[in-house]
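Structural characterization, general
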Amino acid sequence: MLYLAENLRKYRMAKNLTQEEVAEYLHLTPQSVSKWERAETYPDITLLPALANIYETSVDLLLGMDTIRAEETRHHIHRRASEYMRDGALAQAEQVYRDALLIYPNKPGMILGLAGVLALKGEGEEAILLIERGLPLSDNEKQKATMRAVLCFLYLKHGQGKRARRLAAELPHRRECREEIAPVIDREPDSAEMEYRIRTLLLGEE
């Protein structure tokens, strides 16, 4: 029922129907329809086929099964890519994300996922571009914190120390925090340590 309230409202408005008109079709009160759309109550399951008929859609779409399946598919993509990354099969992980981006070109998780693989492969220039593209799209604070920290080291590796220091000073908390990252950036570690830090951030390895 996660998406039902939102979809009931969306499909009703797409058909240019009022809550009163839907209620009349179903022999219910407009208050009932209003409560469904505010997720205060749910329609009886026996009413779902009638609602799907009114809105000329399917029960699956009313329930948001398309959204749920898409989320499950994206979760499977990330899990598969993560398994490849942990096994060191970075080319396969990269291909998983590149294929996924053909289907989900603007999904920040896919963009940042590919950026992470490329960072691990040492392909920092494309990784930087992808992180800079993906960060503004993401609402996953943990993911954003990790990728900002990775970006600090990528900037530093590619001769952009000023940008690295500025970004490190803005980092939030824990492993990705400014207290942890900024001093490392300031002492300009060698390439091996930067690669180690990126790997630790992306794979959680110590």
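All values reported here derive from a predicted model rather than from experimental measurement. (Residues numbered from 1 in each chain as written. Predicted model: local features only at pLDDT ≥ 70, side-chain atom pairs only at ≥ 80, totals over all residues. Heavy atoms only, no water.)

Further remarks concern the layout of surface pockets. Size it by volume and the largest pocket reaches roughly 670 Å³. Put simply, the parts of the chain that give the lining of the largest pocket at least two residues each are helix 6 (65-86), helix 8 (108-121), helix 10 (141-157) and helix 13 (191-203). Classifying every residue of the lining of the largest pocket by side-chain character gives ten nonpolar, ten polar and six charged. (1 Å grid on protein atoms, 1.4 Å probe; cavity = no way out; pocket = protein on both sides within 12 Å on 5 of 7 lines; lining within 4 Å. Points joined across faces, edges and corners; volume = space filled by probe spheres on them. Helix = DSSP H or I, 4+ residues; strand = E, 2+ residues; numbered from the N terminus. Nonpolar A, V, L, I, M, F, W, Y, C, P; charged D, E, K, R; others polar.)

Our next topic: the confidence of the model for the protein. Here the protein shows a mean pLDDT of 89. Residues at 70 or above account for 94%. Looking at the elements of the protein, mean pLDDT is at its lowest for helix 12 (residues 178-186), recorded as 82, and at its highest for helix 9 (residues 124-134), recorded as 96. (pLDDT = per-residue confidence, 0-100.)

What follows deals with the environment of Ala 149. With respect to the helices, strands and loops of the structure, Ala 149 is situated in helix 10. Each C-alpha atom of the pair Ala 149 and Leu 167 lies 8.1 Å from the other, and the pair is 18 residues apart in sequence.

This paragraph deals with the pattern of salt bridges. Per the counting criterion, the structure on display carries 14 salt bridges. Between Lys 121 and Glu 123 there is a salt bridge, and its shortest N-O distance comes to 3.3 Å. Judged by relative accessible area, which is 32%, Lys 121 ranks as partly exposed. When the shortest N-O distance is used, the salt bridge between Glu 188 and Arg 165 registers 2.4 Å. Taken together, the residues span a long stretch of sequence, with Glu 188 in the loop between helix 12 and helix 13 and Arg 165 in helix 11 (residues 161-168) at a distance of 23 residues. Relative accessible area serves as the criterion here: at 48%, Glu 188 is assigned to the partly exposed category. We classify Arg 165 as partly exposed; its relative accessible area is 30%. Here the salt bridges do not stand alone but share partners, grouping Glu 94, Arg 98, Lys 121, Glu 123 and Glu 126 into one network. (Salt bridge = Lys/Arg side-chain N within 4 Å of Asp/Glu carboxyl O. Buried < 20%, exposed > 50% of the residue type's maximum accessible area, 1.4 Å probe, protein only.)

Next up on the list: the packing of helix 10 against helix 13. Contact pair helix 10 / helix 13: the axes reach a minimum separation of 9 Å and the direction vectors enclose 165 degrees. Compared by their axis directions, helix 10 and helix 13 come out roughly antiparallel. You can see that helix 10 and helix 13 cross each other, and the crossing is left-handed. Along the contact surface, helix 10 presents Thr 146, Met 147, Ala 149, Val 150, Phe 153, Leu 154, Leu 156 and Lys 157, while helix 13 presents Ser 191, Met 194, Glu 195, Arg 197, Ile 198, Leu 201 and Leu 202. Broken down by class, the residue content of the contact of helix 10 with helix 13 amounts to ten nonpolar, two polar and three charged. (Axes fitted to C-alpha atoms, helices over the stretch in contact; angles between N-to-C directions. Parallel < 35°, antiparallel > 145°, perpendicular 65-115°, else oblique. Left-handed = near helix turned anticlockwise from the far one by under 90°. Contact = heavy atoms within 4.5 Å.)

Take the nonpolar core next. Of all hydrophobic cores here, the largest spans 46 residues; its most connected members are Ile 131, Val 150, Phe 153, Leu 154, Ile 181, Ile 185 and Ile 198. Listed by contribution, the elements that provide at least two residues to this core are helix 6, helix 7 (90-103), helix 8, helix 9, helix 10, helix 11, helix 12 and helix 13. Counting 17 residues, the second largest nonpolar core, distinct from the first, contains Leu 4, Val 22, Ala 23 and Leu 47. (Core = buried A, V, L, I, M, F, W, Y, C linked by side-chain atoms within 4.5 Å.)

Once that is clear, we can look at the packing of helix 9 against helix 10. Following both chains from N to C, one finds helix 9 and helix 10 inclined at 140 degrees, their axes separated by 10 Å at the closest point. The hand of the helix 9/helix 10 crossing is left-handed. Contacts from Gly 124, Ala 127, Ile 128, Ile 131 and Glu 132 in helix 9 reach Met 147, Val 150, Leu 151, Leu 154 and Tyr 155 in helix 10. When grouped by side-chain class, the residues that make up the contact of helix 9 with helix 10 number eight nonpolar, one polar and one charged.

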